[in-house]
Amino acid sequence: MDFQHRPGGKTGSGGVASSSESNRDRRERLRQLALETIDINKDPYFMKNHLGSYECKLCLTLHNNEGSYLAHTQGKKHQTNLARRAAKEAKEAPQQPAPEKVKVEVKKFVKIGRPGYKVTKQRDPETGQQSLLFQIDYPEISESIAPRHRFMSAYEQRIEPPDRRWQYLLLAAEPYETIAFKVPSREIDKGESRFWTHWNRETKQFFLQFHFKMEKAMQPPSGPMPPMGMKRPPPLMGSLTPRPPPIDSMPPPPPGGMPLPPLPPVIPAPPQMPPQMPPQMPPQMPPQMPPQMPPQMPPQMPPQMPPQMPPGPGVPPPAPLPPLMRPPLPSEGPGGMPPPPPNN
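Note that the coordinates shown come from a computational prediction; the quantities given were computed from them, not determined experimentally.

(A) Quick peek at the packing of aromatic side chains. Using the criterion set out here, one finds 10 aromatic pairs in the structure. Seen from their ring centres, Phe210 and Phe212 are 5.4 Å apart, and the 85° between their planes marks the pair as edge-to-face. The same class applies to Phe210 as to Phe212, namely buried. Grouping aromatic residues by their ring pairs yields a cluster made of Tyr117, Phe134, Phe151, Phe181, Phe195, Phe210 and Phe212. When the ring centre of Phe195 is taken as origin, the NZ or CZ atom of Lys190, which lies over that ring, is 5.9 Å away.

(B) Up close: the UniProt feature "domain: Matrin-type" (unreviewed entry) in the protein. Summarizing the sequence annotation, UniProt attributes the feature "domain: Matrin-type" (unreviewed entry) to residues 54-84 in the numbering used throughout. Taken as a whole, residues 54-84 contains 55% helix and 19% strand, while its terminal C-alpha atoms sit 22 Å from one another.

(C) Seen up close, the environment of Asp163. With respect to the secondary-structure elements, Asp163 resides in the loop between β6 (148-153) and β7 (166-172). Placed 10 residues apart in sequence, Asp163 and Ser153 show a C-alpha to C-alpha distance of 9.1 Å. Here Arg165 takes part through its side chain, which lies 2.9 Å from a polar atom of the side chain of Asp163.

(D) Broad picture of the pairing of strand β11 (residues 205-212). Among the eight residues of β11, seven are classified as buried, and the element is accordingly described as predominantly covered. Bridge count for strand β5 (residues 130-137) against β11 is seven bridges, and the pairing is antiparallel. By the bridge assignment for β11, Leu133 is matched with Gln209. As paired elements, strand β9 (residues 188-189) and β11 share two bridges and run antiparallel to each other. Counterpart to Asp189 in the pairing with β11 is His211. Here strand β10 (residues 195-200) runs beside β11; their pairing, made up of six bridges, is antiparallel.

(E) Focus on helix α2 (residues 66-73). The buried fraction of α2 is high, at six of eight residues. Here the buried face of α2 lies against α1 (19-37), β1 (46-48), β2 (54-56), β3 (61-63) and α3 (76-92). For α2, the N-terminal capping position is held by Asn65, with its side-chain oxygen 2.8 Å away from the main-chain nitrogen of Ser68.

(F) Representation of the nonpolar core. Of all hydrophobic cores here, the largest spans 20 residues; its most connected members are Phe134, Tyr138, Leu171 and Phe210. Elements with a contribution of two residues or more to this core: β5, β7, β8 (179-184), β10 and β11. Among the elements that line this core, the one with the most residues is β11, at four residues. Residues within four places of Tyr138 in sequence aside, it is in contact with Pro115, Pro147, Leu171, Ala172, Ala173, Tyr176, Trp199, Lys204 and Phe206. Ala34, Tyr54, Leu58 and Cys59 belong to the second-largest nonpolar core, a separate cluster that totals 10 residues.

(G) Region of interest: the sheet that holds β6. Taken in spatial order, the three strands of this open sheet run β6-β7-β8, and their pairing is antiparallel. Edge positions in the sheet fall to β6 and β8, since each has one partner strand and no second. Going from strand to strand, the sheet's axes swing by 25° on average, the running direction of each strand aside. As paired elements, β6 and β7 share six bridges and run antiparallel to each other. Bridged to His149 within β7 is Leu171.

(H) Representation of the sheet that holds β2 in the model. If you walk across this open sheet you meet the three strands as β1-β2-β3, and the pairing is antiparallel. The two strands at the open ends of the sheet, each matched to only one other strand, are β1 and β3. Between one strand axis and the next, the sheet turns by 30° as a mean value, whatever way the strands run. By the bridge criterion, three bridges tie β2 to β3 in an arrangement that is antiparallel. By the bridge assignment for β3, Tyr54 is matched with His63.

How each quantity is defined
Residues numbered from 1 in each chain as written. Predicted model: local features only at pLDDT ≥ 70, side-chain atom pairs only at ≥ 80, totals over all residues. Heavy atoms only, no water. Phe/Tyr/Trp six-rings, centres within 6.5 Å; stacked < 30°, edge-to-face > 60°. Buried < 20%, exposed > 50% of the residue type's maximum accessible area, 1.4 Å probe, protein only. Lys NZ or Arg CZ within 6 Å of the ring centre and 35° of its normal. UniProt positions renumbered as here; feature names shortened; annotations may be inferred. Helix = DSSP H or I, 4+ residues; strand = E, 2+ residues; numbered from the N terminus. Polar contact = N/O pair within 3.5 Å; in protein donor to acceptor, adjacent residues only side chain to side chain. Pairing = 2+ DSSP bridges. Contact = heavy atoms within 4.5 Å. Core = buried A, V, L, I, M, F, W, Y, C linked by side-chain atoms within 4.5 Å. Axes fitted to C-alpha atoms, helices over the stretch in contact; angles between N-to-C directions.

Here's what the structure looks like:
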């Protein structure tokens, strides 16, 4: 077949395919696709006659090979006949009763209010686990009904804004209203002796206790335990070196530009008694002189020194004053000082 001299074709190329060739290529692609996805032996409408050709019992068409039949099954005629056959079979099929659903009787109770309750916080002295004990009173609970409980996440309820730090413990018993307790959102220890419930039918009381799991293991305190009612003293800071005395506690420099005495080494000194001040002497009256002599001036008393506070711990005592600046001792008395010269 000449592919080079077709209308619209170029020399050296295949040219433009006709409509019949395009349809043949399309049917071949559909046949290859159908062979990969459809098992022809399971088709109820596929039949091979005595002449070696293939028939479609639904559409009553003849096909020379399997590819032609598979291309026919993907066509519009075969798909329309399939939809008509399915609608006819659904219409003629007898209606079967639907299976009965299991009916659950809804118990209807008139709510009579909230029950009384008591909550006790506890701590295990051995393990240090925190626990909560709930005691709920149901004096008018219905017969053959036991209280129920469950834990609810903060994201299940619609009363408060959800908070991941809290969870809720729900307790229900008809005809009382369901009550909920807001507890910390911590892992519950559901061990044999850490989580238990008890319903006392005689007293109509429901008990529930649970423990929280320990987040961090408690370390036992080192050393002997102090007696009850006595606090443990703070640890001594013996490893720290003593701080130098502050600048304000240094003794003042002596007047007159005298050199400063050498400072003693910084050693914590024992507490010293405050220096005793000399007793104040009463003022003496001037001696009576003859009338021809002018009166003498009374001797001048030393100025009273202000009382000095005892030095603090770690502060060196003040340096002794020079001999010329110290006040007279009590043993010397006022007579040890020479009287002033008379005024002429």
